[in-house]
Amino acid sequence: MPILSVKDLKARYSSKGPLILKGISFEVEEKDFFAIIGPSGAGKSTLIRCINRLVEPEEGSIHFEGGEVTALRPRDLRRLRRNIGMIFQEFNLVNRMSVMDNVLSGRLGYTGTFRSLFRWFPTSDVRRAIELLDRVGLRDHINKRADELSGGQRQRVGIARALMQEPKLLLLDEPTSALDPKISREVMSLIRDMARELNVPILCNIHDVQLAREFCNKVIGLQDGYKKFEGQAVEMQQSDLEAIYAMEVL
Amino acid sequence: MTDSSTANPAFLQEAIRKRRSNQLIKFLLALAVFFLVLWSIDATVIADTDWERIGGLGAILKSLARFAELDFSLIPHLIQPTIETFMMACIGTLLGCLFSLPVAWFGAFNVTPNRVIFYPLGRMLMTLSRSVHEIVWALIFVAAVGLGALPGILAIAMRSVGFISKITAEAIENIDPKPVEAIRAVGGNQFQVMYYGILPQILPVVLGTIIFEWDINIRRSAIMGLVGAGGLGLTFFRQMAMFNYGGVTMVILAILVLVIFGEIVSHYVRKAVT
């Protein structure tokens, strides 16, 4: 029984714009670290944003935990989103807020408007935030402002924020593109280890094929909105990669 | 020189002729402006002034000297209006901030609830607030709620909305959308997206603007009394009506002290928040 199944997904950004996704189907199983690779502009970011409907899909279906995502009304959509953690390429932290408040903001989907007005999170949330920050190695930076941290540290805050949601699925949008190779590996290992501990499947955009081979078990390759490859990461051949990246002209 | 010129002679002549006629037009225009200025001085100053009443230069200086005879007995009566003026500025600015919240929300293109109705409405309110002078606002509110500090506060609040909400709306339009996306992705509602994703980003600009506006509002509240809306302006008006020119000077000094105080506070607080 897959956690997430996507069927024939089509999407475009504006009603007159070009079709970005031209019918994508795949399934994510319970223990997957699922990679989406492909050249820039292939539709990787659009695909991942359709899953939690930051981008509205035009056609097709997305099944998550037995429910249809594309039909959800706003209130249920927020409930869905709080079950899906997201980690971003540029970390997407609120720079003028403390590390602690950034991590706690991962709980906003569970927090009422009145409580969030005074940043009055339950003690259990605060305790969990401290534990997570300790776990990702930021014990000494809890009360610093987010923009005082280095890139690698900021992405660790991003990881803690996503895990704060107690997600059933993690979406990773190029989580290492803004980091150097050594820190990229550290961050990927941390995400893999914590996802295993918490038993959360991962769907991950990544353009570094080497990293995808190293950390992921399944791979799909996108090219210009079409799925060009699907298989186990270990089965992926050089010829497959050449087919996926064949159209990269720009 | 003529040998090295590559332009054909007819073209050269034409260019020179054009330049001359342009210069002539400019000269005629300057002449017209000169006579227009002369005419307006004659019409407004020379013909419209009661020269006999002014008398000579000595008489002018004598009139001005009346303002120099400071009336220190007025000091105890200045304390309360000074405080009232200051309070009017503070409360008016606060109220203006409150009014600015929805106006900025409506008038920021990226967050407006509706781009066809609310966006133009927000922009219109911004313009309305600034295009009506504070004295005119005060007159309207004196007519509506009577004399006293309240109409002054309302007038200052209405006049403040335009600037505060315009700067706030522009700050909202210039935010980094990435944190907003993150708050939407964790399942935050509309309020949470604004409060956690947008507000921290615009706060320094908005606070700086509010303090700047407060500084200006101290000046504004000092003249509110001229139309019966309380504060130092009212004292000024009374001293003027009693021809107590020394007292008028005292009021002006009180306003000066208050304004300087406001500027000093504004300078340091703005530095601290931005």
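In this text, all values refer to a predicted model and were calculated from it rather than measured experimentally.

## Some remarks on the overall build of chain A
Then, number 1: Across its full length, chain A holds 9 helices and 10 strands.
Then, number 2: A burial count over chain A gives 44% of its 250 residues as buried.

## Considerations on the overall build of chain B
Then, number 1: Regarding its fold elements, chain B presents 11 helices and 0 strands.
Then, number 2: Going from N to C terminus, chain B has its helices and strands arranged as α-α-α-α-α-α-α-α-α-α-α.
Then, number 3: For a compact globule of 274 residues, the expected C-alpha radius of gyration is about 19 Å, and chain B comes in at 28 Å, more than 25% above that figure.
Then, number 4: Counting every position in chain B, which comprises 274 residues, the buried fraction comes to 34%.

## Overview of the sheet that holds strand β1 (residues 4–12) of chain A
All names here are of chain A.
Then, number 1: Spatial ordering of the open sheet is given by β2-β1-β4-β5, a layout of 4 strands whose pairing is antiparallel. Looking at which strands have only one partner, the edges of the open sheet turn out to be β2 (19–28) and β5 (67–68).
Then, number 2: Of the pairings in the sheet, the one linking β1 to β2 comprises 7 bridges and is antiparallel in character. Opposite L9, over in β2, you have I24 as the bridge partner.

## Some words on the interface of chain B and chain A
How big an interface is tends to be expressed through the accessible area that disappears when the partners come together.
Then, number 1: If you look at the interface, chain B gives 19 residues, while chain A gives 22 residues.
Then, number 2: Mapped by element, the contributors of at least two residues to the side of chain B that touches chain A are α8 (177–185) and α9 (190–223) of chain B.
Then, number 3: In terms of residue count, the dominant contributor to the side of chain B that touches chain A is α9 of chain B (8 residues).

## A look at the packing of α8 of chain B against α9 of chain B
Each pair of packed helices can be described by the angle between their axes along with the distance between the axes.
Residue and element names in this part refer to chain B.
Then, number 1: As a packed pair, α8 and α9 sit with axes 8 Å apart at the nearest point and diverge in direction by 145°. For the pair α8 and α9, the crossing hand works out as right-handed. Along the contact surface, α8 presents P179, V180, I183 and R184, while α9 presents Q192, V193, Y196, G197 and I198.
Then, number 2: Taken together, the residues of the contact of α8 with α9 sort by class into 6 nonpolar, 2 polar and 1 charged.

## Describing the sheet that holds strand β10 (residues 226–232) of chain A
All names here are of chain A.
Then, number 1: Judged by pairing direction, the sheet is mixed, and its 6 strands sit side by side in the order β6-β7-β8-β3-β9-β10 without closing on themselves. Every other strand in the sheet has two partners, leaving β6 (84–87) and β10 as the edge strands with one partner each. Recorded for the sheet is a direction-independent mean angle of 15° between the axes of neighbouring strands.
Then, number 2: Examined bridge by bridge, β6 and strand β7 (residues 169–173) share 4 bridges and lie parallel to one another. Residue M86 lies in a different strand from β7, and its bridge partner there is L171.
Then, number 3: This element, helix α6 (residues 151–164), spans β6 and β7 of the sheet and lies at about 170° to β6.

## Remarks on the pairing of strand β8 (residues 202–205) of chain A
One face of the sheet, then the other: side chains in a regular strand alternate in exactly this way.
All names here are of chain A.
Then, number 1: Of the two faces of β8, both are covered, the one formed by I202 and C204 as well as the one formed by L203 and N205.
Then, number 2: Two elements, strand β3 (residues 33–37) and β8, share 4 bridges in a ladder whose sense is parallel. By the bridge assignment, A35 is partnered in β8 with C204.
Then, number 3: Strand direction decides the pairing type here: β7 and β8, joined by 4 bridges, are parallel.

## Digging into the packing of helix α6 (residues 134–145) of chain B against helix α7 (residues 149–173) of chain B
Residues and elements named next belong to chain B.
Then, number 1: Running from amino to carboxyl end, α6 crosses α7 at an angle of 135°, the nearest separation of the two axes being 8 Å. Here α6 is positioned oblique relative to α7, judged by the angle of their axes. Seen from above, α6 lies across α7 with right-handed handedness. Contact residues: E134, W137, A138, F141, V142 and V145 in α6; L150, P151, G152, L154, A155, I156, M158 and R159 in α7.
Then, number 2: Split by residue class, the contact of α6 with α7 holds 11 nonpolar, 1 polar and 2 charged.

## A look at the nonpolar core
Then, number 1: One finds V103, L203 and C204 of chain A to be the most contacted residues of the largest nonpolar core, which totals 125 residues.
Then, number 2: Residue contributions to this core peak at 12 residues, all from α7 of chain B.

## Looking at helix α1 (residues 9–46) of chain B
Then, number 1: With 38 residues, α1 of chain B ought to run about 56 Å at 1.5 Å a step, and its terminal C-alpha atoms sit 55 Å apart, in line with that.
Then, number 2: Here α1 of chain B lies mainly on the outside; 0 of its 38 residues are buried.

## Quick notes on the pairing of strand β9 (residues 218–223) of chain A
Residues and elements named next belong to chain A.
Then, number 1: In terms of burial, β9 is a largely internal element, 6 of the 6 residues being buried.
Then, number 2: Burial along β9 is two-sided: the face carrying K218, I220 and L222 and the face carrying V219, G221 and Q223 are both buried.
Then, number 3: Two strands pair when backbone bridges link them, and β3 and β9 are joined in this way by 4 bridges, in the parallel orientation. Paired with I37 across the bridge in β9 is G221.
Then, number 4: Bridge count for β9 against β10 is 6 bridges, and the pairing is antiparallel. Paired with I220 across the strands is E230, a residue of β10.

## Let's talk about the environment of V206 of chain B
Then, number 1: Relative to the helices and strands, V206 of chain B resides in helix α9.
Then, number 2: For the pair V206 of chain B and T274 of chain B, spaced 68 residues apart in sequence, the C-alpha separation works out to 9.6 Å.

## Focus: the confidence of the model for chain B
Then, number 1: Overall, the predicted model of chain B reaches an average pLDDT of 91, with 98% of residues at or above 70.
Then, number 2: ipTM for the predicted complex: 0.92, alongside a pTM of 0.80.

Quick notes on the rules
Residues numbered from 1 in each chain as written. Chains lettered and ligands numbered in written order. Predicted model: local features only at pLDDT ≥ 70, side-chain atom pairs only at ≥ 80, totals over all residues. Helix = DSSP H or I, 4+ residues; strand = E, 2+ residues; numbered from the N terminus. Buried ≥ 20, exposed ≤ 12 C-beta atoms within 10 Å, placed from the backbone. Rg over C-alpha atoms; globule rule 2.2 N^0.38 Å. Pairing = 2+ DSSP bridges. Contact = placed C-beta atoms within 7 Å. Axes fitted to C-alpha atoms, helices over the stretch in contact; angles between N-to-C directions. Left-handed = near helix turned anticlockwise from the far one by under 90°. Nonpolar A, V, L, I, M, F, W, Y, C, P; charged D, E, K, R; others polar. Parallel < 35°, antiparallel > 145°, perpendicular 65-115°, else oblique. Core = buried A, V, L, I, M, F, W, Y, C linked by C-beta atoms within 7 Å. Expected span 1.5 Å × (residues − 1). pLDDT = per-residue confidence, 0-100.

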